[in-house]
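Read off the chains here:
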Amino acid sequence: ASGLCGATGVVYSTTGSLTATSYAWTLPGSATISSGAATNSITVDYTGSLAGGYITVASVNGCGTSAARSLKVSLTPAIPGAVSGPLVNCPGSIQNYSVAPVYGATGYTWVNPQTATIQGGQGTNTLTLKWGNTQLTGMAIKVKSDNACGSSSLKTSSGYSTSFSVCPPRIADTEKSGVVVYPNPASGLAFIRIQSEQNDQAVLTLVDAVGRVVLVQ
């Protein structure tokens, strides 16, 4: 069990033994039994900030004490699950990524991949990224869950890339589409005029004289 920082009223129980007259429980230093001590069901409060540990229980009667059974508990939240969101992205595009909520987490810390910048969502389980304007492969998104007692390890999701192959179709026929660029080519300031019968978005890609991408907007 993870994410127990500050939790109260957490119930733990064990199946009763026919020969037991009581039960001996031990708890990590951050936990206290609020009710049920010596019975087969206890209620626990986690009021400290010490590291987790093990809850153990053994059955007791007049002839002795059984071997103990144990359960590991942690005050910090578990590592987040897989990151959801598109793997291959158009350079310059904005995309959302998320992880399922983690029990006991009060926040999330994201680490953005190369070339991408965080637009929003830091501290939550949903992130908005703006990818860089260049093509790149082999990128990773990382995230950890947090609470007042600490943080989980980082969850790394790999395989992200940016590619012009997934960008919206470019305007190829300037005469039919109503696109005019002047002067073209240009060494400084250039003007672009777009006329269209449809209300739609367009992706502008600016390249230099040798074909290198300078700007994607």
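Residues numbered from 1 in each chain as written. Predicted model: local features only at pLDDT ≥ 70, side-chain atom pairs only at ≥ 80, totals over all residues. Heavy atoms only, no water.

Trainee: Account for the sheet that holds strand β1 (residues 10-13), naming residues and giving values.
Mentor: Taken together, three strands build an open sheet; the order of strands is β1-β4-β3 and the sheet is antiparallel. In this open sheet, the two edge strands, each paired with only one partner strand, are β1 and β3 (31-35). Adjacent strand axes in the sheet meet at a mean angle of 40° when their direction is disregarded. Where β3 meets strand β4 (residues 41-46), four bridges bridge the pair, whose relative direction is antiparallel. Looking at β4, one finds that Ala31 is bridged to Tyr46. (Pairing = 2+ DSSP bridges. Helix = DSSP H or I, 4+ residues; strand = E, 2+ residues; numbered from the N terminus. Axes fitted to C-alpha atoms, helices over the stretch in contact; angles between N-to-C directions.)

Trainee: Got a sec to walk through a nonpolar patch on the surface? Specific residues and values, please.
Mentor: A surface patch of nonpolar side chains, about 320 Å² in accessible area, is lined by Val181, Ile192, Ile194 and Leu204. Tracing the backbone shows Leu204 in the loop between β17 (191-194) and β18 (205-207). (Patch = residues over 30% accessible without salt bridge, like charges linked within 9 Å, V, L, I, M, F, W, Y side chains within 5 Å. Areas by Shrake-Rupley, 256 points an atom, 1.4 Å probe, with all protein chains shown as cover. Salt bridge = Lys/Arg side-chain N within 4 Å of Asp/Glu carboxyl O.)

Trainee: With reference to specific residues and values, describe unusual backbone geometry.
Mentor: One non-glycine residue with positive phi stands out, namely Ala38, at about 75°. You can see Ala38 is positioned in the loop between β3 and β4. Assessed through its relative accessible area of 40%, Ala38 is described here as partly exposed. (Buried < 20%, exposed > 50% of the residue type's maximum accessible area, 1.4 Å probe, protein only.)

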